Amino acid sequence: MTHNVAVETHPEIPLWNDPALSVTTRVSALIEAMTPEEKIAQLYGVWVGASDEGGDVAPHQHDMEEAVDLDALLPTGLGQLTRPFGTAPVDPALGALSLLRTQARIASANRFGIPAVAHEECLAGFAAWGATAYPVPLSWGATFDPDLVHRMASAIGRDMRSVGVHQGLAPVLDVVRDARWGRVEETIGEDPYLVGTIGSAYVRGLEDAGVVATLKHFAGYSASRAGRNLAPSPMGPRERADVLLPPFEMAIREGGARSVMHAYTDTDGVPAAADEDLLTGLLRDTWGFDGTVVADYFGIAFLKTLHGIAADWAEAAGAALRAGVDVELPTVKTFGAPLVEAVAAGRVPEKVIDRALRRVLTQKALLGLLDPDWNPLPAALDGADLDDPEALRGRIDLDGPRNRELARTVAEEAVVLLSNDGTLPLARPRRIALVGPNADEPTAVLGCYSFPQHIGVHHPATPVGIDLPTLRATLAAEFPDTEFTLAHGTGVDDGDVSGIPEAVRAAGEADVVVVVLGDRAGLFGRGTSGEGCDVESLALPGAQQQLLDALLDTGRPVVTVLLAGRPYALGRAVTEAAAIVQSFFPGEEGTAALAGVLSGRTGPSGRLPVSVPRGAGAQPTTYLGARLAHASEVSSIDPTPAFGFGHGLTYTTFAWSDLAVNVDQAPTDGEFSLALTVRNTGERHGTEVVQLYLHDPVASVVQPVQRLVGYTRVPLAPGEARRVRVVVPADLASFTGRDGHRVVEPGALELRFAASSTAPPLTATVTLTGPRRRVDHTRRLHAVFGQEPAAGG
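Residues numbered from 1 in each chain as written. Predicted model: local features only at pLDDT ≥ 70, side-chain atom pairs only at ≥ 80, totals over all residues. Heavy atoms only, no water.

Moving on, we get to the overall build of the protein chain. Helix and strand counts for the protein chain come out as 22 helices and 28 strands. Its C-alpha atoms give the protein chain a radius of gyration of 27 Å, near enough to 28 Å, the size a compact globule of 793 residues would have. Once the C-alpha set of the protein chain is aligned to its principal axes, its extents read approximately 80 × 65 × 50 Å. A buried classification covers 62% of the 793 residues belonging to the protein chain. (Helix = DSSP H or I, 4+ residues; strand = E, 2+ residues; numbered from the N terminus. Rg over C-alpha atoms; globule rule 2.2 N^0.38 Å. Buried < 20%, exposed > 50% of the residue type's maximum accessible area, 1.4 Å probe, protein only.)

Here the focus is the confidence of the model for the protein chain. Here the protein chain shows a mean pLDDT of 95. Residues at 70 or above account for 98%. For residues 6–10, every residue scores under 50 in pLDDT, and the model assigns this stretch six contacts once sequence neighbours within four places are set aside. (pLDDT = per-residue confidence, 0-100. Contact = heavy atoms within 4.5 Å.)

Counted residue by residue, strand β22 (residues 721–729) has seven buried out of nine residues, so it is predominantly covered. When strand β19 (residues 671–680) meets β22, the two strands line up antiparallel, connected through nine bridges. Residue pairing in the sheet places Ser673 in a bridge with Val727 of β22. Note: β22 against strand β28 (residues 784–789), six bridges, orientation antiparallel. (Pairing = 2+ DSSP bridges.)

Let us now look at the sheet that holds strand β10 (residues 292–294). The strand order across the open sheet built from eight strands is β2-β1-β3-β4-β5-β6-β7-β10, with neighbouring strands paired in mixed fashion. Where the open sheet ends on each side, the last strands, each with one partner, are β2 (58–59) and β10. Here strand β7 (residues 259–262) pairs with β10 via three bridges, running parallel. Residue pairing across strands places Met261 opposite Val294, the latter belonging to β10.

Let's shift gears to the packing of aromatic side chains. On inspection of all chains with the given rule, the structure shows 14 aromatic pairs. Judged by centre distance (6.1 Å) and plane angle (50°), the ring pair of Phe144 and Phe645 falls under tilted. Of this pair, Phe144 sits in the loop between α5 (137–143) and α6 (146–162) while Phe645 sits in the loop between α22 (590–599) and β17 (654–661), placing them 501 residues apart in sequence. Ring pairing ties together the aromatic residues Phe144, Tyr193, Tyr623, Phe645, Tyr693 and Tyr711, which thus form one cluster. Lys216 extends its terminal NZ or CZ atom over the ring of Tyr449, reaching a point 5.5 Å from the ring centre. Here the basic side chain of Lys304 rests over the ring of Trp313, its NZ or CZ set 4.7 Å away from the ring centre. (Phe/Tyr/Trp six-rings, centres within 6.5 Å; stacked < 30°, edge-to-face > 60°. Lys NZ or Arg CZ within 6 Å of the ring centre and 35° of its normal.)

What follows concerns the pattern of salt bridges. Tallied over the full model, the rule gives 39 salt bridges. For Glu249, the salt bridge identified is with Arg779, shortest N-O distance 2.9 Å. Taken together, the residues span a long stretch of sequence, with Glu249 in helix α9 (residues 246–253) and Arg779 in the loop between β27 (773–774) and β28 at a distance of 530 residues. Arg359 serves as the salt-bridge partner of Asp326, at 2.9 Å between the closest nitrogen and oxygen. (Salt bridge = Lys/Arg side-chain N within 4 Å of Asp/Glu carboxyl O.)

Moving on, we come to the sheet that holds β19. Strands pair in a sheet through their backbones, by hydrogen bonds, and they do so in one of two ways: parallel or antiparallel. Taken together, four strands build an open sheet; the order of strands is β17-β19-β22-β28 and the sheet is antiparallel. Unpaired on one side and paired on the other, β17 and β28 mark the two borders of the sheet. Averaged over all neighbouring strand pairs, the angle between strand axes comes to 20°, with direction disregarded. (Axes fitted to C-alpha atoms, helices over the stretch in contact; angles between N-to-C directions.)

With that settled, the discussion passes to the side chain of Glu478. Tracing the chain through its elements places Glu478 in helix α18 (residues 471–478). Those residues in contact with Glu478, other than ones at most four positions away along the chain, are Arg428, Ala595, Gly596, Ser599 and Arg601.

Burial of strand β12 (residues 431–435) is extensive: four of the five residues sit out of reach of the surface. As paired strands, β12 and strand β13 (residues 483–487) are joined by five bridges and run parallel to one another. Of the residues in β13, the one forming a bridge with Val435 is Ala487. Summarising the sheet, β12 and strand β14 (residues 512–518) pair through four bridges and their orientation is parallel. Bridge pairing links Ala433 to Val513 in β14.

Time to look at the layout of surface pockets. Looking at the largest pocket, its volume works out to about 1000 Å³. In this structure, the largest pocket is lined by 42 residues; those nearest its centre are Arg177, Asp242, Val243, Leu624 and Pro704. For the lining of the largest pocket, the secondary-structure elements that each account for two or more residues are α7 (192–208), α8 (237–244), α9 and β21 (707–716). Ranked by residues supplied to the lining of the largest pocket, first place goes to α8 with four residues. Its residues assigned to classes, the lining of the largest pocket shows 21 nonpolar, eight polar and 13 charged. The space that makes up the second largest pocket amounts to roughly 690 Å³. (1 Å grid on protein atoms, 1.4 Å probe; cavity = no way out; pocket = protein on both sides within 12 Å on 5 of 7 lines; lining within 4 Å. Points joined across faces, edges and corners; volume = space filled by probe spheres on them. Nonpolar A, V, L, I, M, F, W, Y, C, P; charged D, E, K, R; others polar.)

With that settled, consider empty space enclosed by the protein. Summed over the entire model, instances satisfying the criterion amount to five cavities of 30 Å³ or more. The wall of the largest cavity is formed by 16 residues, among which Phe126, Ala128, Ala131, Phe451 and Pro452 lie closest to the centre. Considered class by class, the residues forming the lining of the largest cavity number twelve nonpolar, four polar and no charged. One number sums up the size of the second largest cavity: a volume of about 60 Å³. Lining the second largest cavity are Gln42, Gly79, Gln80, Val117, Gln167, Thr292, Val327, Val360, Gln363 and Lys364. Ranked by the residues each element gives to the lining of the second largest cavity, the list is headed by helix α14 (residues 350–366), at three residues. Residues that form the lining of the second largest cavity fall into these classes: three nonpolar, six polar and one charged.

Grouped together as the largest cluster of nonpolar side chains are 192 residues, with contacts concentrated most on Phe126, Tyr202, Phe218 and Leu381. Core analysis: the second largest hydrophobic core is formed by 29 residues, Ala133, Val415, Leu446 and Ile466 among them. (Core = buried A, V, L, I, M, F, W, Y, C linked by side-chain atoms within 4.5 Å.)

So, on to the packing of α8 against α9. Interhelical geometry of α8 versus α9 gives an angle of 45° and a closest axis separation of 5 Å. In terms of orientation, α8 and α9 fall into the oblique class. Where α8 approaches α9, its residues Arg240, Ala241, Asp242, Val243 and Leu244 are matched on the opposing element by Pro246, Pro247 and Phe248. Broken down by class, the residue content of the contact of α8 with α9 amounts to six nonpolar, no polar and two charged. (Parallel < 35°, antiparallel > 145°, perpendicular 65-115°, else oblique.)

Its 14 residues place the ends of helix α16 (residues 401–414) 20 Å apart at the C-alpha level, agreeing with the 20 Å of an ideal helix rising 1.5 Å per residue. Among all positions of α16, only Asn403, Arg404, Leu406, Ala407, Val410, Ala411, Glu412, Glu413 and Ala414 are buried. Where α16 is buried, its residues contact α5, α6, β11 (416–420), β16 (579–584), α22 and β21. (Expected span 1.5 Å × (residues − 1).)

Here you go:
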């Protein structure tokens, strides 16, 4: 028997429920009818966990919050439900039933029949038990493939929407400024253009699926001093404007993101959660953002407890509301009784409540949550017998074949071949010594925001919910005639060297050594990578470098494979390893992707989204450095990377030639066109990533030596050639001038086509002419690439 759980409606439809009226009219009527308590109730969430029996959700208790009484809260309404699927392991079908029943309860309990917005994490896939664990964002960046990331995000969004989730807390658009920061794995890379294009593609994918994408963390979180989590961000306004803000600007303007999450950090003494110039002046008044600003978890309370700019909870709530924060997450604290009392006492004006409420209700109206025919039944349960919860168990598959195929494609494109002396692809060796802490570890492919590492570790008795083959297993399947010897060597970070002699013996008896090193993802010190897992240097954790050096000493070919959340200095391996393969937490299909690259079944095409350092201590540094940031004779510290941003080898070779420029001069409001030919000169199919960098030799303020302004993937068969054309608007040369405004200045520019930020480029010189020109957020953001078969190709 099928039951559709719906909310009773009156014969006469109230204005706010009338879909024939404009959203503005409906929302205004609803605000007018609400009491202050009902208004405020729409501005906070409650952290809950779905029931694995299909019953109502239960409030989740956290050491930073007080107990929540849902029965007491619901008569005035509720704005959001925090992570019903992402709080504890729950069968997806029973979780969907639990959410359905809770939404019906919420809507029935308040005068206006308004349900809550349900949000979840989705940084490496839908963070729910049994859902596909995709590669982490740093791997998205390594693909240099926005179209693929868009497809992945659409799949994630469809899964979320099918079970009743409305909002996803992703993507992270923080630009890496210091790779010691634990959350590097959550970022897309160290270049704002790469972060912006890949991040916007992810946003479009979620939004196309009907899920509200939430941009994190606005703004400056990744610029913290010394790479420490939640530390002050001492950046200047120009760094913020030219490096950290452009990805958010792009994702709002071109991605259509409907939500933004404020950062935890303060910049020059002003916390982001209380920064009216940022959250209202720039975000809304200048960029025109009309969605919701949500708090990072507990971020409003931090205005009192960590930042010390509020004396009590009410003052913290008022500061956040005035700045432009609309929703308190993850649960009610400052926006509850303290805010109600502050409004009644006149400490917080009701108009700032109404301003936030209008944005929240507008979003709910656009999601259909105010419509008279709203029904909490999610698509995945349509036609199901809701009276028999146990019969539903296993009905919903969030990790089907299409998802896994997509996860593998992303993982394959994200594998970066850093070095290779010809050992790869492996020519069916007779004996392989498989060594290292991540060689036989199922979770070595997962980031800290994957469900198994984020939540599952707290429920060790519960099955992981997805298939996680180890690299040992996938290599054995890939090389069925090869004899494998497994040696642990050392742990990820335990410093134990007692197993190194055994690893050396195994290496000495093998034809080739595959050593699998890297990280263990975790939260707040439980891992070597992840939120709160910052490091003092970029040396490999524990005794891994000692293991690596001992294997290199054997004289056997050593293929170094890294399953990690950040780049690490690799010491002697940079020049002595037979090959180095980098994979940034590639998800559940990651070991299959790596096995395919090692065997040559697939060719590597990934490119580094972050530089790999030569030394462990020359931090912070990224390729975006100005001249003074590069190696010089006046400092004994050399920040030159071992492998630069954009670097990545393939199993074939390419020749670039015939660079042409249509004009050598263009006005500061104009554009110019360039073209070059790329030919596959090897014997295998391969994909070249053509990267376009801009160098401004003379500017009114110091500029990076070069910065990425465009890129395109060029797949080529052996002997095939393509003519790559690109139109470059002068707007791409803009930067923030001395007066704080973005400008395009006349003068000479170098446009460098290169395979990486450190590869020898093909360089074209053009000159911008005319007046110094001021531009704004409506400027052109992209070079436009095109490809066609080349003559003789």
